[in-house]
Amino acid sequence: MGKKNFTIIQLTRLGDIIQTTQAAKDFRVQHPDIELNIICRKEFGLALSFILKGTFDNIIYISKDELLEGCDNDLDLYLSSINKWLSQEVLQNIDVLLNFSFCETSNRLSTLITAKNRLGTFSSPQNQTLVKDQWSQLVYSMVMSGPHNPYNLVDIYKNILGIKERSCWTDNDWQPKEAHEVKTLGIHPFASQDKKKWKPAKWTEVIYKLLKDEENILVEIFGSNSEVEFGEQILNSKVLSKFKDRITNNVGKLSLEQTYYRLGRCSHFVGHDSLLGHLAKLHNLPTLTIALGTVRPIETAPYGHNTFVMAPRTKCFPCFPKTDCSFYQCHADLSYQAVTETLKTFIIDNEINFKVLNNSISPFHLDSVDIFRLGPTNAGWYAAEKLGNDHPTSREVFKDILRVALSYKFEEVEEIISLPATSRDQKRYLEQINDGVRQIFELCEFGKKYSGDILREVSQVSPDLEKIKTFANKIDEVDRLMDLLGKTYNDLKPVIDYYKIVKFNLEGENIVELSESSYIVYDDNSITCSILYELIGKCLPQQEARGKSTEGNV
Amino acid sequence: MKDQVIARLKEVEEKLQLGLKLENEDLVFLFGLSLLKEKLNG
């Protein structure tokens with residue numbers, strides 16, 4: 001019997017390819033006998049081939065331009081060029097095809113490639129988007145719909161790949177690089193969208209203040225050819241002229257591979273959410289991410305020890321790529337003073353020391369910022385811990401509870417996440433959420449009842465079609481009420497949406513099979529609600545016992 | 001190619017409206033179309 005073959009479709013950008021590779025590396029360690037391939041866009045995959053070839057057996061490139069080449073503007077020639085690409089040997093006999101991109105193109109591609117098993121989204125012959133596995137259903141319902149997802153993407157990819165063993169994290173063997181007196185900070189002050197990056201002037205202020213206050217810090221600025229102009233705006237600033245000998249400008253001068261190796265010479269890294277943060281993590285560098293605009297701190301943070309994220313507390317943060325915004329309030333709320341002082345403690349202490357920050361930054365700057373430290377939980381899954389004295393928001397508390405519930409429900413993993421002191425307001429919020437959880441549970445029980453009623457009626461010698469119709473209508477009513485609950489309890493929407501996706505993907509060719517599947521989905525949702533209800537309930541009595549507030553573990 | 005794409009898309013839409021299953025060649029067309037859309041959107 002030949003080697004089993006897993007092929008991953010990753011058609012998104014460079015950063016996503018690195019995150020996929022991080023998950024794939026663990027897969028390789030645990031399953032060295034399985035052939036592992038990746039399909040990626042040529043423009044991204046080729047630039048990262050120096051990293052990909054260490055993890056994947058085959059890198060399969062797809063290029064729109066090459067498919068269109070020589071087609072002479074003729075549709076039939078273009079389609080035969082696609083068919084030729086699809087017929088290559090490496091795309092045949094795939095055991096498991098995993099779509100990690102969740103975009104229209106990757107859904108369609110996933111449908112076209114023949115595979116024994118398919119994970120992630122694909123299209124049905126009726127042109128509906130289908131997703132059958134639970135982690136991809138979670139991505140489709142929670143990641144795509146808003147900032148509800150409590151997991152890092154690398155962990156989600158690992159879960160889709162079925163990687164159980166996470167102990168490589170928990171031994172906590174991370175050590176900072178050899179302590180030299182002079183530290184080198186790698187900076188990537190750019191990002192793929194304006195929303196996600198500061199104006200160059202703000203970075204100029206950060207670099208100026210950092211170099212002025214700390215004599216033993218050198219700076220290396222990184223960026224691509226397309227970022228040269230922004231780089232010059234920073235480096236040609238008059239205030240930085242006296243620090244020229246301590247700044248190295250690499251913007252537009254290095255290939256991605258050279259950038260990667262040059263980053264390895266730095267001691268620390270700071271940047272917006274972009275590829276370079278992920279590359280720095282491959283060198284185990286301590287990283288600080290300045291999260292702005294659409295960036296979701298836990299979801300896309302670089303994956304590794306000593307990772308920090310600074311994010312503004314702006315009400316509309318994080319937004320969606322399509323959200324119109326001309327003012328960028330989140331950029332204003334994250335001040336250069338707060339970032340500079342945080343960078344100092346991050347570089348000097350290899351940690352973010354809040355005592356130092358409280359003394360060095362005015363509350364005016366510090367109060368509009370959240371700082372997170374990311375690292376493994378007891379189970380080896382990646383989680384964010386909020387630093388400082390501030391209470392987590394009610395939503396953050398519920399997100400942690402939801403995470404613990406889902407980790408247990410999906411993988412039987414018992415994660416311990418500590419809940420810092422919570423307030424009376426949060427107690428009220430949790431009580432209200434628990435009321436919503438109870439109502440979802442009750443609806444699921446009705447769903448189970450009516451699904452069971454259909455099955456019972458169908459098993460009669462002469463089933464009454466009218467009765468079956470009535471029960472089916474009742475099930476529709478249950479689903480409509482579920483949608484209404486989602487509107488009333490907005491923070492429970494991820495749970496409701498998740499089960500909506502599960503229900504849409506029900507297995508079954510006839511009314512019996514569909515009713516059986518429907519019963520199982522309602523039952524599954526009931527169990528999730530029970531776990532959530534119990535977890536929230538466990539948090540509430542502790543608070544009552546301690547009066548004003550309390551802390552504990554979930 | 002634009003006219004060919006419009007005509008082919010119409011065929012696929014008709015099939016879907018009639019509740020027919022899409023053939024492999026239709027799926028290849030839809031994949032090609034999504035790549036073309038990406039190219040147009042930069």
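Residues numbered from 1 in each chain as written. Chains lettered and ligands numbered in written order. Predicted model: local features only at pLDDT ≥ 70, side-chain atom pairs only at ≥ 80, totals over all residues.

1. Here we look at the overall build of chain B
Part 1 of the argument: Of regular secondary structure, chain B possesses 2 helices and 0 strands.
Part 2 of the argument: Residues counted as buried form 17% of the 42 residues belonging to chain B. (Helix = DSSP H or I, 4+ residues; strand = E, 2+ residues; numbered from the N terminus. Buried ≥ 20, exposed ≤ 12 C-beta atoms within 10 Å, placed from the backbone.)

2. Structural notes on the sheet that holds strand β9 (residues 217-221) of chain A
All names here are of chain A.
Part 1 of the argument: Ordered by their spatial adjacency, 8 strands build an open sheet running β10-β9-β8-β11-β12-β13-β14-β15, and the pairing between neighbours is mixed. Of all the strands in the sheet, just β10 (247-249) and β15 (382-386) have a single pairing partner and so form its edges. Ignoring strand direction, the axes of neighbouring strands in this sheet form an average angle of 20 degrees.
Part 2 of the argument: Here strand β12 (residues 287-290) pairs with strand β13 (residues 307-312) via 4 bridges, running parallel. Counted as the bridge partner of Thr 287 is Thr 307 from β13.
Part 3 of the argument: Helix-sheet contacts for helix α16 (residues 336-349) involve β8 (183-188), β9, β11 (268-272), β12, β13 and β14 (369-376), and the interaxial angle to β12 is about 170 degrees. (Pairing = 2+ DSSP bridges. Axes fitted to C-alpha atoms, helices over the stretch in contact; angles between N-to-C directions. Contact = placed C-beta atoms within 7 Å.)

3. Side note on the packing of helix α1 (residues 14-30) of chain A against helix α13 (residues 275-282) of chain A
All names here are of chain A.
Part 1 of the argument: Remark: α1 packs on α13, axes separated minimally by 8 Å, with the N-to-C direction vectors making an angle of 30 degrees. Judged by the inter-axis angle, α1 sits roughly parallel to α13. Both α1 and α13 take part in a crossing whose hand is left-handed. Contact with α1, carried on its side by Leu 14, Gly 15, Ile 18 and Gln 19, involves Leu 275, His 278 and Leu 279 of α13 and no other residues of that element.
Part 2 of the argument: Split by residue class, the contact of α1 with α13 holds 4 nonpolar, 3 polar and no charged. (Parallel < 35°, antiparallel > 145°, perpendicular 65-115°, else oblique. Left-handed = near helix turned anticlockwise from the far one by under 90°. Nonpolar A, V, L, I, M, F, W, Y, C, P; charged D, E, K, R; others polar.)

4. Details of the sheet that holds strand β2 (residues 35-41) of chain A
Residue and element names in this part refer to chain A.
Part 1 of the argument: Pairing in this open sheet of 5 strands is parallel, and the strands run β3-β2-β1-β4-β5 from one edge to the other. At either margin of the open sheet sits one strand with a lone partner, and together these are β3 (58-62) and β5 (115-119). Strand-to-strand twist across the sheet, computed as the mean angle between neighbouring axes with direction ignored, equals 20 degrees.
Part 2 of the argument: With 4 bridges connecting them, strand β1 (residues 5-10) and strand β4 (residues 94-99) associate as parallel partners. Its bridge partner lying in β4, Ile 9 is registered against Asn 99.
Part 3 of the argument: Contacts between α1 and the sheet are confined to β1 and β2, with β1 contributing the most and set at about 165 degrees to the helix.
Part 4 of the argument: In this fold helix α6 (residues 104-112) packs onto β1, β4 and β5, with an angle of close to 170 degrees to the strand it touches most, β4.

5. Some points on the interface of chain A and chain B
Part 1 of the argument: If you look at the interface, chain A gives 18 residues, while chain B gives 17 residues.
Part 2 of the argument: Looking at the side of chain A that touches chain B, the elements that each hand over two or more residues are α4 (64-68), α5 (75-86) and α6 of chain A.
Part 3 of the argument: The greatest single-element share of the side of chain A that touches chain B, amounting to 6 residues, is contributed by α6 of chain A.

6. Concerning the packing of helix α20 (residues 424-458) of chain A against helix α21 (residues 465-488) of chain A
The geometry of a pair of packed helices is captured by two quantities: the angle between their axes and the separation between those axes.
Residue and element names in this part refer to chain A.
Part 1 of the argument: Running from amino to carboxyl end, α20 crosses α21 at an angle of 165 degrees, the nearest separation of the two axes being 9 Å. Accordingly, the angle class assigned to the pair α20 and α21 is roughly antiparallel. The element α20 and its partner α21 pack so that their crossing is left-handed. Of the residues in α21, those touching α20 at Gly 436, Gln 439, Ile 440, Leu 443, Phe 446, Gly 447, Tyr 450, Ser 451, Asp 453, Ile 454, Glu 457 and Val 458 are Lys 467, Ile 468, Phe 471, Ala 472, Lys 474, Ile 475, Val 478, Leu 481, Met 482, Leu 485 and Thr 488.
Part 2 of the argument: For the contact of α20 with α21, the class distribution of residues is 14 nonpolar, 5 polar and 4 charged.

7. Concerning the nonpolar core
For soluble globular proteins, the rule of thumb is that nonpolar side chains tend to be buried together.
Part 1 of the argument: Counting residues in hydrophobic clusters, the biggest one holds 135 residues, and the most contacted among them are Leu 98, Met 310 and Ile 440 of chain A.
Part 2 of the argument: Ignoring any residue separated from it by four or fewer positions in sequence, one finds Ile 440 of chain A in contact with Met 482, Leu 485, Leu 492, Val 495, Ile 496, Asn 525 and Cys 529 of chain A. (Core = buried A, V, L, I, M, F, W, Y, C linked by C-beta atoms within 7 Å.)

8. Section: unusual backbone geometry
Residue and element names in this part refer to chain A.
Part 1 of the argument: A cis geometry characterises the amide bond from Phe 317 onward to Pro 318, with omega recorded as -10 degrees.
Part 2 of the argument: With respect to the secondary-structure elements, Pro 318 resides in the loop between β13 and α15 (329-333).
Part 3 of the argument: Residues other than glycine seldom take positive phi values, yet Phe 102 does so here, at roughly 60 degrees.
Part 4 of the argument: For Phe 102, the position within the fold is in the loop between β4 and α6.

9. Digging into helix α2 (residues 24-40) of chain B
Part 1 of the argument: Look at α2 of chain B: 24 Å from first C-alpha to last across 17 residues, which is about the 24 Å you get at 1.5 Å a residue.
Part 2 of the argument: Looking only at α2 of chain B, the buried set comprises Phe 29, Leu 30, Phe 31, Gly 32, Leu 33 and Leu 35 of chain B.
Part 3 of the argument: At its buried positions, α2 of chain B is contacted by α4, α5 and α6 of chain A together with α1 (2-17) of chain B.
Part 4 of the argument: Downstream of α2 of chain B by one or two residues, Gly 42 of chain B has phi in the positive range, about 70 degrees. (Expected span 1.5 Å × (residues − 1).)

10. Let's talk about the domain arrangement of chain A
Residue and element names in this part refer to chain A.
Part 1 of the argument: Here chain A is partitioned into domain 1 (5-165), domain 2 (183-390) and domain 3 (425-547).
Part 2 of the argument: Look at where the C-alpha atoms of domain 1 and domain 2 centre, and you get two points 30 Å apart.
Part 3 of the argument: Taken together, the 17 residues of domain 1 in the interface contact 16 residues of domain 2.
Part 4 of the argument: Breaking the side of domain 1 that touches domain 2 down by element, the ones donating at least two residues are α1 and α8 (153-161).
Part 5 of the argument: For the side of domain 1 that touches domain 2, the leading source of residues is α1, giving 5 residues. (Domains from an automatic or database assignment.)

11. Structural notes on the environment of Asn 216 of chain A
All names here are of chain A.
Part 1 of the argument: One can find Asn 216 in the loop between α10 (200-213) and β9.
Part 2 of the argument: Here Asn 216 falls in the exposed class, since 11 other C-beta atoms lie within 10 Å of it.
Part 3 of the argument: For the pair Asn 216 and Thr 184, spaced 32 residues apart in the sequence, the C-alpha separation amounts to 8.6 Å.
Part 4 of the argument: Apart from residues no more than four positions distant in its own chain, Asn 216 is found in contact with Glu 181, Val 182 and Lys 183.

12. What about the environment of Val 458 of chain A?
All names here are of chain A.
Part 1 of the argument: Relative to the helices and strands, Val 458 is located in helix α20.
Part 2 of the argument: Placed 233 residues apart in sequence, Val 458 and Asn 225 show a C-alpha to C-alpha distance of 67 Å.
Part 3 of the argument: In this structure Val 458 touches Pro 463, Ile 468, Ile 511 and Val 512, once residues within four positions along its chain are discounted.

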